[in-house]
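Analysis of the macromolecular model
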Amino acid sequence: MRYLLLSTIALGVLLAACGGGDGNADALLEELGDVCAQGDNVDDSLVRVDSPDPGAEISSPITVSGEVDAFQQQFWISVVKPDGEHVIDYPARSRDLEEGKLSPFEFSVPFSTGETTPACLWVYRRNLEDPDDAVRVPIKLLSTETTTAAGE
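Residues numbered from 1 in each chain as written. Predicted model: local features only at pLDDT ≥ 70, side-chain atom pairs only at ≥ 80, totals over all residues. Heavy atoms only, no water.

Focus on the state of the cysteines
So the rule is basically this: We call a pair of cysteine sulfur atoms a disulfide whenever their separation is within 2.5 Å. Secondary structure elements follow DSSP: runs of H or I of four or more residues count as helices, runs of E of two or more count as strands, with numbering from the N terminus. Throughout, exposure labels follow a simple rule: accessible area from a 1.4 Å probe, protein chains only, divided by the maximum for the residue type, with under 20% read as buried, over 50% as exposed, and the rest as partly exposed.
According to the stated counting rule, one finds one disulfide in the structure shown. Two residues share a disulfide in this structure: Cys-36 and Cys-120, whose sulfurs sit 2.1 Å from each other. Handedness of the Cys-36-Cys-120 disulfide follows from its S-S torsion of about 70°: it is right-handed. Here Cys-36 is found in the loop between helix H2 (23-32) and strand E1 (47-51), whereas its partner Cys-120 is found in strand E7 (residues 117-124), with 84 residues between them in sequence. This pair shows no difference in class: Cys-36 is buried, exactly as Cys-120 is.

Structure below.
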């Protein structure tokens, strides 16, 4: 129960800080459940996400920007569906070599999905097996399927 309360508070703070909190983002958070619940180890002095905004509808590629104090310049950008399936895990590198300092980043991360679906963007400093420190942003992925005229 304590974890749920802390997660709810952390998400509210994150949404307010990111300029979100509209009905669309709130509805996505409900659909995403634990996949987008903010962990206890999130520290905004280590990872900040400026874009995309919570609740954004995203076409491929997703442009992710913010600041990170990355360990050995390495950090991760992941997109995760409500069932926990990772749409993409993108290894990213910060520009700044100096640890202990926030470095700006911006990446265009391609993804592929057959249907429009809610998802959660994770940006985190540690490895894929331990994304506890991930900043999590609820988004909606738009289908990447294309159809041609007259069924060609």
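Back to the write-up after that little detour.
Quick look at the environment of Gln-74
Where we set the bar: Contact between two residues is taken to exist if any of their heavy atoms lie within 4.5 Å; hydrogens are not considered. Polar contacts here mean pairs of N or O atoms no more than 3.5 Å apart (in protein, one a potential hydrogen donor and the other a potential acceptor; neighbouring residues in sequence count only if both atoms are side-chain atoms).
For Gln-74, the location among the structural elements is in strand E4 (residues 74-80). The exposure class of Gln-74 is partly exposed, given its relative accessible area of 24%. Sequence-wise, Gln-74 and Ser-94 are 20 residues apart; in three dimensions their C-alpha atoms are separated by 6.5 Å. Setting aside chain neighbours within four positions, we find Gln-74 in contact with Pro-91, Ala-92, Arg-93 and Arg-125. Within the structure, the side chain of Gln-74 is placed 3.5 Å from the backbone oxygen of Ala-92, a separation counted as a polar contact.

Regarding the nonpolar core
As a reminder of what qualifies: By nonpolar core is meant a set of buried Ala, Val, Leu, Ile, Met, Phe, Trp, Tyr and Cys residues that side-chain atoms within 4.5 Å join together.
If you look at the biggest cluster of nonpolar residues, it comprises 23 residues, and the most contacted ones within it are Ile-62, Phe-75, Ile-77, Leu-121, Val-123 and Ile-139. Among the elements of the structure, E1, strand E3 (62-68), E4, strand E5 (86-93), strand E6 (103-109), E7 and strand E8 (135-141) are those that each provide at least two residues to this core. When residues in this core are grouped by element, the largest group, four residues, is from E8. Setting aside anything within four residues of it in sequence, one finds Val-123 in contact with Val-47, Val-49, Val-64, Phe-75, Trp-76, Ile-77, Phe-105, Asp-133, Ala-134 and Val-135. Ranked by size, the runner-up nonpolar core spans eleven residues in total, among them Leu-28, Val-35, Cys-120 and Ala-134.

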